[in-house]
Amino acid sequence: MSTIVQTRRFILRGAGIAVAALATGTLGGIRAASAATLDEIKKRGYMVVATEDDYRPFEFVQDGKPTGYDTELLGILRKQASFEIKQEIIPWTGLLPGVDTGKYDAAVTAALITKERQQFLDFCSPVSDATVYYVKRANDDSIKSIKDLSGKTVGVQAGSAMLQALPQLQAMLEKEGGKLGSVVQYVSYPEACQDLAIGRTDYVTNTVINLQLLIKEKPGVFALGQPVAAKTYIAWAVKKGNTSLLEFLNGFLAAERKNGEMYALQKKWLGQSFEDMPETWTIT
Amino acid sequence: MIEQFGIVWHARDLLLEGLLNTFWLSALSAAVSLVAGAMLAAALMARNQLLSRATGVLVDSMRCVPFLLFAYMVYYGLPSLGLRWDSWTCGLVALIVYNSAYMAELLRGAWRGLPAEMLEAGHAFGFHGAGFVRRIVLPPAIFAAIPMLGNQVIQIIKDSAFLTIITVNELTHAATVLQAKYFMPFASFVSALLLYWVLCVGVERLVGLVGARAELRR
Amino acid sequence: MTEYDWISLLQGALVTVSLSLAGIALGLPLGLGLALIRWAQVPVASPVVATLVSLLRAAAAVTLGLLVFFALPTIGLSIDPIPAAIVTLTLSTCAFNAEIWRGALVDFSREQYDAALSVGMPKLLRFRLIVLPQVVRAAMPALVNEMTLLVKASPAVAVLGVVDITRAAVRIGANTYRPLPPFLAALVIYSLVVFMFVLAQRLVESRRRRLAFA
């Protein structure tokens, strides 16, 4: 048999094996999806949690490593847990629905507690205060108070509680004879703020913590406004009804409050500590 | 599962608005890029070497870029050069500029396939330049390229889905917003995919009809 | 752009190239399989494959990726981000490959097939020695073109959180508020990758022309 045919056979065979290995590897990444209770997690040896990829200072990626307030808190849990914790870093809009569909056991992320979300998720003990403010361009003198926001374009993240809270702002504006302007929905907040700096939108709403960090990181570009929604809190979430996992996480969070670690991390990442957060918080 | 589709039906306005945006963006950009592509094709086939080479470089470089990256450059990059449009306009401009290059390439291929006798006869009858292109070359070239043009329109419809990432409220964006609000990703995305399919099948039918008429003409 | 920004761009380039190669490697044989089912006109499977191919060819990569990653868990299948990206790209490209393979199979002249039949060649051998080599040569240009289209559709995986070149460039821009440098760098990298495919396409075509005159 000529060497050309032999070489070709060899290459084809090698390619065939490589493709088969690739297919097996890809299919191996498929697993059954169902939100696992604590017992199931302990039995299978790992828990899958989801964090967002770019929501400073709560969770973000720096130099290739996930970091931030939630990530550090999760790190403490990792050391204490008897099972492995797999962290998936994904864009926001799929995160909470992913917990509901069972893709992730818990959302270890800065999710604001809202009435709509309570229908599908059980929220853990709050990890931070979350009053929503607006931010505007520093050189924009046309906006001095909330009623100046009437008719102006607002940027928010798609699927965020800030988007859901816009009706509250709308009510505030309509009380003074104004109206809500057009709403632009972004994949993530850094892009929303980039567009605000460019001038496509007039203001962006986010929690006061995120906005204070933004102003610190980009001095002179932005200026903080006033609160635009009722006070609420930020908490991790599990699928509604997953009581065993909820109690496990709440136990961990209560312990971190008691030994002061949570407040220390809050001072480090969020700029202040919130000692008077309630143990649980539901909106009725 | 069924209730999920029920919610989709209940919130269908959002989805339909997205569908309408997808339709208009695709239709407008298809029409304009066809015209622009025709002009670029004429430049590509021009006897002036400088013109044809320069246009060739432009068209080839557009075909090296992924559409999403190009859309990002139009949306976030152009403001640095002073051009700041809203997301719909940016999406439309990106689609038009991007696909003009592809249309130009398609039409050039069809042009090359035209019988030389017909073109020479056109020259003999006194048609030159723009008139030559418009009345002798383009009609048979476009009819010959109809199936490929249909494919390109389908590609435009699919590329419009990328515009969700630069906040254009088209079909995929509507489906994403819907599932983030009501926690029903399956019904949401399946509905979106089915609507895309309907659009594309519609284009294929249209192409078949026009192709049949083209055959009759010949 | 800092030094780490360059590293993240190159890492993104690695992700783009490996995901594209994986999609191509899996999509080619899968497309051939689907095309064969339709060519052989297998009773129940053939129309099912036809509908599937039609659906997948109309599916935008972004929407398909969102379905595969976020929606499949509702029917019990949860996939990790990278395999989900590979599955999305594979599904998308195999549908187009199926049509390309089918076109080449249909164009294949039956005389050679019948000649092999008349000498009593077994079915598998007939296919492997007579049909396949010529079909591969006929389909190659269109297949390589589809490969470049796959590379250009690969940024869709950004919605799954996978950091490819495009997402890496966007992140840098969103942090520095200077998007043009990373975008231009990403542009250069994509052009290089696509250019390599175009070179491969020209190589294949010149070999084909050479062999045709041989």
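Residues numbered from 1 in each chain as written. Chains lettered and ligands numbered in written order. Predicted model: local features only at pLDDT ≥ 70, side-chain atom pairs only at ≥ 80, totals over all residues.

## Some thoughts on the overall build of chain C
Stage number 1. For chain C, the helix and strand inventory stands at 8 helices and 1 strand.
Stage number 2. Secondary structure elements of chain C occur, N-terminal to C-terminal, as α-α-α-β-α-α-α-α-α.
Stage number 3. Across its three principal axes, chain C shows a C-alpha extent of roughly 70 × 50 × 20 Å.
Stage number 4. Counting over 214 residues, chain C shows a buried share of 47%. (Helix = DSSP H or I, 4+ residues; strand = E, 2+ residues; numbered from the N terminus. Buried ≥ 20, exposed ≤ 12 C-beta atoms within 10 Å, placed from the backbone.)

## A look at the overall build of chain A
Stage number 1. Each helix and strand counted, chain A has 11 helices and 15 strands in total.
Stage number 2. Over its C-alpha atoms, taken along the principal directions, chain A stretches across nearly 90 × 50 × 35 Å.
Stage number 3. The buried share of chain A, taken over its 284 residues, is 44%.
Stage number 4. In chain A, 78% of the contacts between residues at least 6 apart in sequence involve partners at least 24 apart. (Contact = placed C-beta atoms within 7 Å.)

## Examining the sheet that holds strand E3 (residues 54–55) of chain A
All names here are of chain A.
Stage number 1. Taken in spatial order, the 3 strands of this open sheet run E3-E4-E5, and their pairing is antiparallel. Either end of the sheet is taken by a strand with one partner, and the two such strands are E3 and strand E5 (65–67).
Stage number 2. Here E3 runs beside strand E4 (residues 59–62); their pairing, made up of 2 bridges, is antiparallel. Residue pairing across strands places aspartate 54 opposite phenylalanine 60, the latter belonging to E4. (Pairing = 2+ DSSP bridges.)

## With respect to the interface of chain B and chain A
Stage number 1. Contact residues are listed per partner, giving 12 residues for chain B and 15 residues for chain A.
Stage number 2. When the residues that make up the side of chain B that touches chain A are grouped by side-chain class, the tally is 7 nonpolar, 3 polar and 2 charged. (Nonpolar A, V, L, I, M, F, W, Y, C, P; charged D, E, K, R; others polar.)

## Brief notes about helix H3 (residues 61–71) of chain C
Stage number 1. Within H3 of chain C, 11 of the 11 residues are buried, which leaves the element mostly enclosed by the surrounding structure.
Stage number 2. Within the span of H3 of chain C, buried status applies to Ala61, Val62, Thr63, Leu64, Gly65, Leu66, Leu67, Val68, Phe69, Phe70 and Ala71 of chain C.
Stage number 3. Those residues of H3 of chain C hidden inside the fold are in contact with helix H4 (95–100) of chain A, helix H9 (171–182) and helix H10 (185–217) of chain B together with strand E1 (77–79), helix H4 (81–107) and helix H6 (123–153) of chain C.

## Quick notes on the nonpolar core
Stage number 1. Judged by nonpolar contacts, the single largest core of 213 residues is most densely connected at Ala106, Ala107 and Ala237 of chain A together with Ala71 and Tyr196 of chain B.
Stage number 2. Among the elements that take part in this core, helix H5 (residues 87–112) of chain B stands out by supplying 14 residues, more than any other.
Stage number 3. Domain assignment of the residues forming this core places at least three in each of domain 1 (10–130 + 233–270) and domain 2 (132–227) of chain A.
Stage number 4. With residues near it in sequence (within four places) discarded, alanine 107 of chain A still touches Ala50, Leu95, Leu96, Val99, Trp236 and Ala237 of chain A. (Core = buried A, V, L, I, M, F, W, Y, C linked by C-beta atoms within 7 Å. Domains from an automatic or database assignment.)

## What to know about the interface of chain C and chain B
Stage number 1. Taken residue by residue, the interface counts 28 residues in chain C and 28 residues in chain B.
Stage number 2. Sort the elements by how many residues they give to the side of chain C that touches chain B and helix H8 (residues 180–213) of chain C lands first, with 8 residues.
Stage number 3. Among the residues forming the side of chain C that touches chain B, the class breakdown is 22 nonpolar, 5 polar and 1 charged.

## Considering the sheet that holds strand E14 (residues 222–227) of chain A
All names here are of chain A.
Stage number 1. Ordered by their spatial adjacency, 5 strands build an open sheet running E12-E11-E13-E10-E14, and the pairing between neighbours is mixed. Strands with a single pairing partner mark the edges of an open sheet, and in this sheet they are strand E12 (183–186) and E14. The mean inter-strand angle of the sheet, taken between neighbouring strand axes irrespective of direction, is 35°.
Stage number 2. Examined bridge by bridge, strand E10 (residues 132–137) and strand E13 (residues 203–207) share 5 bridges and lie antiparallel to one another. Across the sheet, the residue bridging to lysine 136 is tyrosine 203, located in E13. (Axes fitted to C-alpha atoms, helices over the stretch in contact; angles between N-to-C directions.)

## Some remarks on the packing of helix H4 (residues 67–77) of chain B against helix H7 (residues 165–176) of chain C
Stage number 1. Two elements in contact, H4 of chain B and H7 of chain C, have axes separated by 10 Å at closest approach and are oriented at 15°. Taken together, the axes of H4 of chain B and H7 of chain C lie roughly parallel to each other. Crossing hand, H4 of chain B versus H7 of chain C: left-handed. Judged by residue contacts, Leu68, Leu69, Tyr72 and Tyr76 of chain B of H4 of chain B engage Thr166, Val170 and Gly173 of chain C from H7 of chain C.
Stage number 2. Classifying every residue of the contact of H4 of chain B with H7 of chain C by side-chain character gives 5 nonpolar, 2 polar and no charged. (Parallel < 35°, antiparallel > 145°, perpendicular 65-115°, else oblique. Left-handed = near helix turned anticlockwise from the far one by under 90°.)

## A closer look at the confidence of the model for chain C
Stage number 1. Averaged over all residues, the pLDDT of chain C equals 86, while 97% of them reach at least 70.
Stage number 2. By mean pLDDT, the top-scoring element of chain C is helix H2 (residues 45–57) of chain C (92), and the lowest-scoring one is helix H5 (residues 110–118) of chain C (79). (pLDDT = per-residue confidence, 0-100.)

## Let's talk about the environment of alanine 31 of chain B
Residue and element names in this part refer to chain B.
Stage number 1. Looking at where alanine 31 falls in the secondary structure, it is placed in helix H2 (residues 12–44).
Stage number 2. Taking the number of C-beta atoms within 10 Å as the measure of exposure, alanine 31 has 12 and is therefore exposed.
Stage number 3. Counting along the chain gives 122 residues from alanine 31 to valine 153, while the straight-line C-alpha distance between them is 9.4 Å.

## Describing helix H1 (residues 3–39) of chain C
Residue and element names in this part refer to chain C.
Stage number 1. The end-to-end C-alpha distance of H1 is 53 Å, a good match for the 54 Å that 37 residues give at a rise of 1.5 Å each.
Stage number 2. Of all the bends in H1, the largest measures some 25° and sits at glycine 27, one to four residues before the proline proline 29.
Stage number 3. Just downstream of H1 lies glutamine 41, where phi reads positive at about 50°. (Expected span 1.5 Å × (residues − 1). Bend = angle between axes of the 7 residues up to and from the residue.)

## A short note on the domain arrangement of chain A
Residues and elements named next belong to chain A.
Stage number 1. When the domains of chain A are assigned, the result is domain 1 (10–130 + 233–270) and domain 2 (132–227).
Stage number 2. For domain 1 and domain 2, the distance between their C-alpha centres works out to 28 Å.
Stage number 3. Counting residues at the interface gives 13 residues for domain 1, matched by 14 residues for domain 2.

## A closer look at the pairing of strand E15 (residues 233–239) of chain A
Residues and elements named next belong to chain A.
Stage number 1. Among the 7 residues of E15, 7 are classified as buried, and the element is accordingly described as predominantly covered.
Stage number 2. Judged from the 4 bridges that link them, strand E7 (residues 106–112) and E15 form a sheet pairing that is antiparallel. Bridge pairing links alanine 107 to alanine 237 in E15.
Stage number 3. Here strand E8 (residues 121–123) runs beside E15; their pairing, made up of 3 bridges, is antiparallel. The residue of E15 that forms the bridge with phenylalanine 123 is alanine 237.
Stage number 4. Note that strand E9 (residues 128–129) and E15 share 2 bridges and pair antiparallel. Counted as the bridge partner of serine 128 is isoleucine 234 from E15.

## Thoughts on unusual backbone geometry
Stage number 1. Residue proline 57 of chain A follows arginine 56 of chain A across a cis peptide bond; omega there is -5°.
Stage number 2. Topologically, proline 57 of chain A is positioned in the loop between E3 and E4.
Stage number 3. The phi torsion at threonine 167 of chain B lies on the positive side, around 70°, for a residue other than glycine.
Stage number 4. Here threonine 167 of chain B shows up in the loop between helix H8 (146–159) and H9.

## Topic: the packing of helix H1 (residues 3–28) of chain A against H1 of chain C
Stage number 1. Here H1 of chain A crosses H1 of chain C at 105°, and the two axes come no closer than 10 Å. As far as their axial angle goes, H1 of chain C and H1 of chain A are roughly perpendicular. In this structure, H1 of chain A uses Ala18, Val19, Leu22 and Ala23 of chain A to contact H1 of chain C, whose residues at the interface are Ala22, Ala25, Leu26 and Pro29 of chain C.
Stage number 2. Looking at side-chain class alone, the contact of H1 of chain A with H1 of chain C contains 8 nonpolar, no polar and no charged residues.

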